[in-house]
Amino acid sequence: MTMPMREDMPAGLVADGQRLLGRLERAARRTRRRGDPESIHDVRVATRKLEAAMDLWRAMLPRGRRRRGRRALQALRRDLAAAREVGISVNVLRERFATLPAAARIAAALLQHGLEQRLERLEARAARGCARRVIGRVRRRFELAWQGVAAGEALGSAFLEAGRARLARRRSRGRAVLREAVEGGANEQLHAARVAGKRWRYVLERLAAADPTTDVSERAWLEAVLDALGRIQDLAVLRERAVRLSPRLAPPGGEGSWEPMRSLLESLEAERAEYVRRFRRLAATSAPGSPRPLEAGPRA
């Protein structure tokens, strides 16, 4: 099915929309079939990139249709969030099991078993959430957002100009939120920085797809920053799960003082602290072309 977009839009923009819709549909098909541990992640990434396309070109799109398209994408991503988060926690435990202290492995094994059982149920729910009718509705909402674009002189140039202005705003917002996270370091600030950084990165990628002359020198820096922030988030979420499930895993009378769980929590917190330091070091290098690093200046 060909995405109905005006012929006078930038060719790269049209091709990018088609490519992203195809990725979403293929990832949803893999999710329905089950057994592919990356399929849910790929669906969610595709929704973020499609949403970034509407964010980038928002000044050119009819507001109502754009908002309905965005809500459809967000609803799909939200329906898959629990399965993705539990899957990440299982992977974090698997990857670190051999390096954990001996006592921590006991708690990790029990926690992993419980999470894997829950993941099985959540993956079945995710498969239903990626039903053909759901994905078809998401496609239609996205396509409708591009219909009714007002004709005008040099429409392609107008799109690119609007996109560059939107990227500049996302960059400015991203830098401000990242700077707050560097200074504060609280979980909420680090999570907000990750969200703002993702929006910045995906908008940059969508503009580059439509306009090959786009300067993408900051992308590698952004990816490194987001990788550190992602690992911080994954470790924090797993630690919260471990604390929440500890009463069920500990032997009778061992809640709050069970050595294996205490050892696991300490290991996770130590690794999280190391990634926070790594994030701050990366932020201090600043993005290519930026006038100054993100590190906080002296307080007034």
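Residues numbered from 1 in each chain as written. Predicted model: local features only at pLDDT ≥ 70, side-chain atom pairs only at ≥ 80, totals over all residues. Heavy atoms only, no water.

**Structural notes on the confidence of the model for the protein**
Turning to step 1, where the next piece is worked out: The pLDDT averaged across the protein works out to 89; a share of 88% of its residues lies at or above 70.
Turning to step 2, where the next piece is worked out: Ranking the elements of the protein by mean pLDDT puts helix α7 (residues 155-184) last, at 91, and helix α2 (residues 39-56) first, at 97.
Turning to step 3, where the next piece is worked out: Every residue in residues 296-300 scores below 50 in pLDDT, and together they form three contacts with partners more than four places removed in sequence or on other chains. (pLDDT = per-residue confidence, 0-100. Helix = DSSP H or I, 4+ residues; strand = E, 2+ residues; numbered from the N terminus. Contact = heavy atoms within 4.5 Å.)

**Considerations on the packing of helix α3 (residues 63-79) against helix α6 (residues 132-145)**
A pair of packed helices can be characterised by two numbers: the angle between their axes and the separation between those axes.
Turning to step 1, where the next piece is worked out: The interhelical angle for the contact between α3 and α6, taken along N-to-C directions, is 150°, at an axis separation of 8 Å. On the basis of their axis angle, the class for α3 and α6 is roughly antiparallel. In terms of crossing hand, the pair formed by α3 and α6 is left-handed. When α3 is examined against α6, the residues Arg65, Arg66, Arg68, Gly69, Ala72, Leu73 and Leu76 are found in contact with a partner set consisting of Val134, Ile135, Val138, Arg141, Leu144 and Ala145.
Turning to step 2, where the next piece is worked out: Per-class residue counts for the contact of α3 with α6 are eight nonpolar, one polar and four charged. (Axes fitted to C-alpha atoms, helices over the stretch in contact; angles between N-to-C directions. Parallel < 35°, antiparallel > 145°, perpendicular 65-115°, else oblique. Left-handed = near helix turned anticlockwise from the far one by under 90°. Nonpolar A, V, L, I, M, F, W, Y, C, P; charged D, E, K, R; others polar.)

**Section: the packing of helix α8 (residues 187-210) against helix α9 (residues 219-249)**
Turning to step 1, where the next piece is worked out: It is at 9 Å that the axes of α8 and α9 come closest, and there the two elements cross at 145°. The handedness of the crossing between α8 and α9 is left-handed. Only Arg219, Trp221, Leu222, Glu223, Leu226, Leu229, Gly230, Ile232, Gln233, Ala236 and Glu240 of α9 make contact with α8, whose side of the interface consists of Asn187, Leu190, His191, Ala193, Arg194, Gly197, Lys198, Trp200, Arg201, Leu204 and Glu205.
Turning to step 2, where the next piece is worked out: Of the residues in the contact of α8 with α9, the class split is ten nonpolar, five polar and seven charged.

**Quick word on the packing of aromatic side chains**
Turning to step 1, where the next piece is worked out: The tally for this structure, following the rule as stated, stands at four aromatic pairs.
Turning to step 2, where the next piece is worked out: Plain terms: the ring middles of tryptophan 200 and tryptophan 221 are 5.9 Å apart, the flat faces sit at 55° to each other, and that makes the pair tilted. You can see tryptophan 200 sitting in helix α8 and its partner tryptophan 221 sitting in helix α9, a full 21 residues away along the chain. As far as the burial class goes, tryptophan 200 and tryptophan 221 line up, both buried.
Turning to step 3, where the next piece is worked out: Among the aromatic residues, those joined into a ring-pair cluster are Trp57, Phe142, Trp146 and Phe159. (Phe/Tyr/Trp six-rings, centres within 6.5 Å; stacked < 30°, edge-to-face > 60°. Buried < 20%, exposed > 50% of the residue type's maximum accessible area, 1.4 Å probe, protein only.)

**A short note on the side chain of glutamate 205**
Turning to step 1, where the next piece is worked out: Mapped onto the elements of the fold, glutamate 205 is located in helix α8.
Turning to step 2, where the next piece is worked out: Leave out the neighbours within four places in its chain, and glutamate 205 touches Lys49, Arg219 and Glu223.

**With respect to the environment of valine 225**
Turning to step 1, where the next piece is worked out: As for its position among the elements, valine 225 is in helix α9.
Turning to step 2, where the next piece is worked out: Linking valine 225 and arginine 194, residues 31 residues apart in sequence, is a C-alpha distance of 8.5 Å.
Turning to step 3, where the next piece is worked out: Not counting residues within four places of it along the chain, the set of residues in contact with valine 225 comprises Leu178, Phe279 and Leu282.

**A short note on the environment of glutamine 147**
Turning to step 1, where the next piece is worked out: Relative to the helices and strands, glutamine 147 is located in the loop between α6 and α7.
Turning to step 2, where the next piece is worked out: C-alpha separation for the pair glutamine 147 and proline 62, spaced 85 residues apart in sequence, amounts to 8.1 Å.

**Topic: the pattern of salt bridges**
Turning to step 1, where the next piece is worked out: Here the structure, examined in full by the defined rule, presents 25 salt bridges.
Turning to step 2, where the next piece is worked out: Residue aspartate 36 is joined to arginine 30 by a salt bridge in which the shortest nitrogen-to-oxygen separation is 2.7 Å.
Turning to step 3, where the next piece is worked out: For arginine 206, the salt bridge goes to glutamate 205, with nearest N and O atoms at 4.0 Å.
Turning to step 4, where the next piece is worked out: Of the residues examined, arginine 206 reaches a relative accessible area of 6% and is grouped as buried.
Turning to step 5, where the next piece is worked out: Counted as one network, the salt bridges with shared partners bring together Asp16, Arg19, Arg201, Glu205, Arg206 and Glu223. (Salt bridge = Lys/Arg side-chain N within 4 Å of Asp/Glu carboxyl O.)

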